[in-house]
Amino acid sequence: MSIFEDMRNKQEELLRTERLPHVWCPGCGIGIVLNAFLRAVIRRKIDPEKLVVVSGIGCTGRTAGYVNVDSFHTTHGRAIPFATGIKFARPDLNVVVFSGDGDLFAIGGNHFVNAARRNHDLLIIAVNNFTYGMTGGQHGPTTPTGAYTTTTPYGNPDRPFNIPHLAISLGVPFVARWTTYHVNQLQNSIYKALGMKGFRLVEIISQCPTVYGRRNSMKSPLSMMEYFQKNSIIKPNASFEEMELTYNGKIVVGEFRVRTNIPTYEERFDDVIRRAQNEN
Amino acid sequence: MTQKKYERKAVVKILEDRCKGCWYCVNYCPTKVLVISDKMNAKGYHPPEFREDKEHVCIACHLCELYCPDFAIFVEELK
Ligand SMILES: Cc1ncc(C[n+]2csc(CCOP(=O)(O)OP(=O)(O)O)c2C)c(N)n1
Ligand code: SF4
Ligand code: SF4
Ligand code: SF4
Ligand SMILES: [Mg+2]
């Protein structure tokens, strides 16, 4: 058996196959991200017993229900606090947060910035489809200025978060962005991130043809994929301005920051405990 | 006669009931051996068909597997 066949078979073992086909729409990018994530886990030879996947609410949040490892489908916006608690209680586990842009950066935004600032030992897979997919396509904090959504029928007046810039400003040791077109690079970045410690963020620009693409002249799954293919620029040393996403504009992708020597919150906390114990 | 460029390396199995007919596999297969078909699965989607001919063979690149959002593809390599 070739390594690819072996990986594909192991991927089936990491899925709750009895629940497939999954709920995601035809061509939804979340399945591509999950596909890449599972391959990276297999390549890292992570013991499934030592892996926990935590999701919030939303289409992306449904991921927790399809992985055949211990998983948590938490309340909306609270995936990171749940994950933080799991990591604290069981430092031996690899804790991965797999959630959507609305969940992580709208209702969960404050948890994101503070967990990032403290450098909690978590891998965050952030599926950014520019919208609240599950609830029908409202605009959110990642919707590009000018985009049409159910709540911005004349174009979005808001300015979206520049997610990599935000993470880098908080000292996050690993920050990468890819689109679902970049299936290999995406898998490689997750693989690399799984081998590191601290707060690691992989943002994936993903297609929601059903409620976002439809209102923005990209109704078919392939038309959204073509947009990613034609407009992505790989630039690891991109400036903050270049990382900004604009409506139907260029998408700058790459591994923007890779640092290996920043102590995690958990390590600093252990240190505090050691010092306290030495005093007695 | 056109010279055959590639050697036949694998056969592709499609779990038709998982497929949702997004056509990523069809679009990104470099040798175009996955084609849109008229077949319909239980949910009403059209799974692709694996169709090789003299000039189009599967080169076992596994790209179709990587792009499939629905875990519907297995590329089985020929020994
Ligand atoms: C406390 C609370 N507020 C609002 C909602 C409604 N709600 C469900 S999913 C969602 C947004 C999901 O967006 P995102 O995280 O981007 O996920 P997607 O569906 O796009 O993958 C919202 C607002 C909720 N379930 N709970
Ligand atoms: S609504 Fe959008 S994000 Fe949700 S499953 Fe459908 S395509 Fe995916
Ligand atoms: S493995 Fe490669 S060549 Fe074979 S069907 Fe899939 S995409 Fe095409
Ligand atoms: S990529 Fe998967 S779901 Fe899409 S058409 Fe091909 S087999 Fe079907
Ligand atoms: Mg979303």
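A few points on the structure.

## Focus on the overall build of chain A
Link 1 in the chain: Secondary structure summary: chain A contains 10 helices and 8 strands in total.
Link 2 in the chain: Against the globule reference of 19 Å for 280 residues, chain A gives a C-alpha radius of gyration of 18 Å, in line with a compact fold.
Link 3 in the chain: When the backbone C-alpha atoms are referred to their principal axes, chain A occupies close to 65 × 45 × 35 Å.
Link 4 in the chain: Across the 280 residues in chain A, those meeting the buried criterion constitute 56%.
Link 5 in the chain: Within chain A, counting contacts between residues at least 6 apart in sequence, those at least 24 apart form 69% of the total.
Link 6 in the chain: Carbon and sulfur atoms provide 52% of the accessible area of chain A, an area that totals close to 11,600 Å².
Link 7 in the chain: Taken together, the 31 basic and 24 acidic charged side chains of chain A have centroids lying 3 Å from each other.

## Details of the coordination of the magnesium ion (ligand 5)
All names here are of chain A.
Link 1 in the chain: Protein coordination of the magnesium ion (ligand 5) is provided by Asp-101 (OD), Asn-129 (OD1) and Thr-131 (O), with donor distances spanning 2.1 Å.
Link 2 in the chain: Positions of the donor residues of the magnesium ion (ligand 5), expressed as sequence spacing, correspond to D-x27-N-x1-T. A residue pair is termed long-range when its members are at least 10 positions apart, and Asp-101 in helix H4 (residues 101-107) and Asn-129 in the loop between strand E4 (123-128) and helix H6 (163-169) qualify at 28 residues.

## Describing helix H7 (residues 183-194) of chain A
Residue and element names in this part refer to chain A.
Link 1 in the chain: For H7, which comprises 12 residues, the first-to-last C-alpha distance of 17 Å matches the rise-based estimate of 16 Å (1.5 Å per residue) to within 8%.
Link 2 in the chain: Regarding H7, the residues found buried are Val-183, Leu-186, Gln-187, Ser-189, Ile-190, Ala-193 and Leu-194. Down the axis of H7, the sector holding all buried residues measures 165°, keeping them to one side.

## Thoughts on the site of ligand 4
Link 1 in the chain: If you check the shell around ligand 4, you find Cys19(B), Lys20(B), Gly21(B), Cys22(B), Trp23(B), Cys25(B), Pro48(B), Cys68(B), Pro69(B), Asp70(B) and Ile73(B) and nothing else.
Link 2 in the chain: When its residues are assigned to classes, the shell around ligand 4 shows 8 nonpolar, 1 polar and 2 charged.

## What to know about the site of ligand 1
All names here are of chain A.
Link 1 in the chain: Residues in close proximity to ligand 1 total 16 residues, the closest being Cys-59, Thr-60, Asp-101, Gly-102 and Asp-103.
Link 2 in the chain: Between ligand 1 and the protein, one listed contact pairs an oxygen atom with a backbone N or O atom of Gly-102 at 2.8 Å.
Link 3 in the chain: Gly-133 places a main-chain nitrogen or oxygen 2.8 Å from an oxygen atom of ligand 1.
Link 4 in the chain: In isolation ligand 1 exposes 590 Å². Once the protein is present, 72% of that is buried.
Link 5 in the chain: It is H4 that contributes the most residues to the shell around ligand 1, 4 residues altogether.

What counts and how
Residue indices begin from 1 for each chain and proceed along its sequence in written order. Working convention: letters from A go to chains and numbers from 1 go to ligands, in the order in which they are written. It should be noted that, the model being predicted, local features are given only for residues of pLDDT at least 70 and side-chain atom pairs only at 80 or more, the latter also being counted only at that level, while totals for whole chains, interfaces and linings use all residues. To get the side-chain values, all heavy atoms of the structure are used, and hydrogens and water are removed first. Every helix listed is a DSSP run of H or I at least four residues long, and every strand listed is a run of E at least two residues long, numbered separately from the N terminus. Between the two quantities, the radius of gyration covers C-alpha atoms and the globule rule is 2.2 Å times the number of residues to the power 0.38. The buried label goes to any residue with under 20% of its type's maximum accessible area, the exposed label to any with over 50%, and the partly exposed label to all in between, with areas taken from a 1.4 Å probe on protein chains only. Any two residues whose heavy atoms approach within 4.5 Å are treated as being in contact. The method behind every accessible area is Shrake-Rupley, applied with a 1.4 Å probe, and residues are considered shielded solely by the protein chains displayed. By the counting rule applied here, Lys and Arg register as positive and Asp and Glu as negative, while His and the ends of each chain are not counted. A charged residue contributes its charge at one atom only: NZ of Lys, CZ of Arg, CG of Asp or CD of Glu. In this description, a donor is an N, O or S atom within 2.8 Å of the metal centre, a cutoff extended to 3.2 Å for sodium, potassium and calcium. Water is not part of the atom list, which can make sites seem incomplete. Multiplying 1.5 Å by the helix residue count minus one yields the expected span of that helix. The directions from the helix axis to the C-beta atoms are what the arc is built from. Nearness is defined per residue: one heavy atom within 4 Å of the molecule or strand is enough. Just so you know the grouping, Ala, Val, Leu, Ile, Met, Phe, Trp, Tyr, Cys and Pro go in nonpolar, Asp, Glu, Lys and Arg go in charged, and all remaining residues, Gly too, go in polar. Two N or O atoms form a polar contact when they lie within 3.5 Å of each other; inside protein one atom must be a possible hydrogen donor and the other a possible acceptor, and for residues adjacent in sequence the pair counts only when both atoms belong to side chains.

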